[in-house]
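Coordinates in review
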Amino acid sequence: LLEAMGEDWIDLNWNTKSAILICEVSIHCANVSLFKRAVNLLISTAPNEKKVLEKAIGGFLVSICDERSSFGKLRPISVSIENIKAAVCFVDDKQLELGLINLASWARDEISGNNIVHLILRGDRGEDFRSELLSGVCKLITGSTNSTSIISQHCAAKFGGYTPLHLAASLGCEESISTLLDFNADAGALDEEQKSPLDLIPGNRICLVAQNVQDRLLVTKRE
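As a starting point, this report considers the structure included with it.

Criteria and thresholds
- Residues numbered from 1 in each chain as written.
- Predicted model: local features only at pLDDT ≥ 70, side-chain atom pairs only at ≥ 80, totals over all residues.
- Heavy atoms only, no water.
- Phe/Tyr/Trp six-rings, centres within 6.5 Å; stacked < 30°, edge-to-face > 60°.
- Helix = DSSP H or I, 4+ residues; strand = E, 2+ residues; numbered from the N terminus.
- Buried < 20%, exposed > 50% of the residue type's maximum accessible area, 1.4 Å probe, protein only.
- Axes fitted to C-alpha atoms, helices over the stretch in contact; angles between N-to-C directions.
- Parallel < 35°, antiparallel > 145°, perpendicular 65-115°, else oblique.
- Left-handed = near helix turned anticlockwise from the far one by under 90°.
- Contact = heavy atoms within 4.5 Å.
- Nonpolar A, V, L, I, M, F, W, Y, C, P; charged D, E, K, R; others polar.

**Description of the packing of aromatic side chains**
Think of a pair of aromatic rings as described by two things: how far the centres are apart, and how the planes are tilted against each other in angle. For the coordinates displayed, the defined rule picks out two aromatic pairs. Pairing phenylalanine 35 with phenylalanine 60 gives two aromatic rings, centres 6.3 Å apart and planes at 85°, and the pair type is edge-to-face. One end of the pair, phenylalanine 35, is in helix α3 (residues 32–45); the other, phenylalanine 60, is in helix α4 (residues 50–65), and 25 residues separate them in sequence. We note that phenylalanine 35, like phenylalanine 60, is buried. Judged by centre distance (6.3 Å) and plane angle (70°), the ring pair of phenylalanine 35 and phenylalanine 90 falls under edge-to-face. Residue phenylalanine 35 is found in helix α3, and its partner phenylalanine 90 is found in helix α6 (residues 77–98); the two are separated by 55 residues along the sequence. Relative accessible area serves as the criterion here: at 0%, phenylalanine 35 is assigned to the buried category.

**What about the packing of α4 against α6?**
Remark: α4 packs on α6, axes separated minimally by 11 Å, with the N-to-C direction vectors making an angle of 165°. Considered as vectors, α4 and α6 are oriented roughly antiparallel to each other. Relative to α6, α4 is oriented so that their crossing is left-handed. Residue-level inspection shows Lys50, Leu53, Ile57, Leu61, Ile64 and Cys65 of α4 in contact with α6, the latter providing Ile84, Ala87, Val88, Val91 and Leu98. Of the residues assigned to the contact of α4 with α6, the class counts are 10 nonpolar, no polar and one charged.

**Observations regarding helix α11 (residues 174–182)**
Turning to α11, its buried residues are Ser176, Ile177, Ser178, Thr179, Leu180 and Leu181. Contact partners of the buried residues in α11: α7 (116–121), α8 (127–141), α9 (147–151), α10 (164–170) and α12 (211–217). Positive phi shows up at asparagine 184, right after α11, with a value of about 70°.

Below is the structure:
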């Protein structure tokens, strides 16, 4: 319908609910250009309603970063990286511009408890994917209050209660581990099996993680 309307759709008198729907359509189509325009439209419909914007845009980020979404399914993977990075950078700019200091708190799946850092690491979409996107997502989170707790957030207990650092460690990905630690991830966090991130580095990958990085993970487990 939007394609049939050409450029005229942007000038119509959309309400907030309709603007959110257009944002969702843009994500379904993995269309970054449409996503940016739709978010700007949403902002114009609710300029003084920060909570509405934070909740909506945080939810959009979850969909964009999820490997099951249209953004996540784009191939080759370089196209997926390019599109997700563009969307994340755009949201980060809007967060700063509008002072949306709780946006990242809403960027969490309600069922699994996975936040956008979990989602970048989940599914092992390759080292290039993590290298290109993880730091930018963590940087976006630092624009929100309680950013450190979000970086170290546990997913839902029934799904294992792991943190993003547990995921990075389970992948044996030195760069991802270092990035999360640089953003103050909690190396002493325990999952539901009472395992720390260090416990989860696979034996066949431990040699690929530099000793100084392992030392940063070597902390006393919480009682």
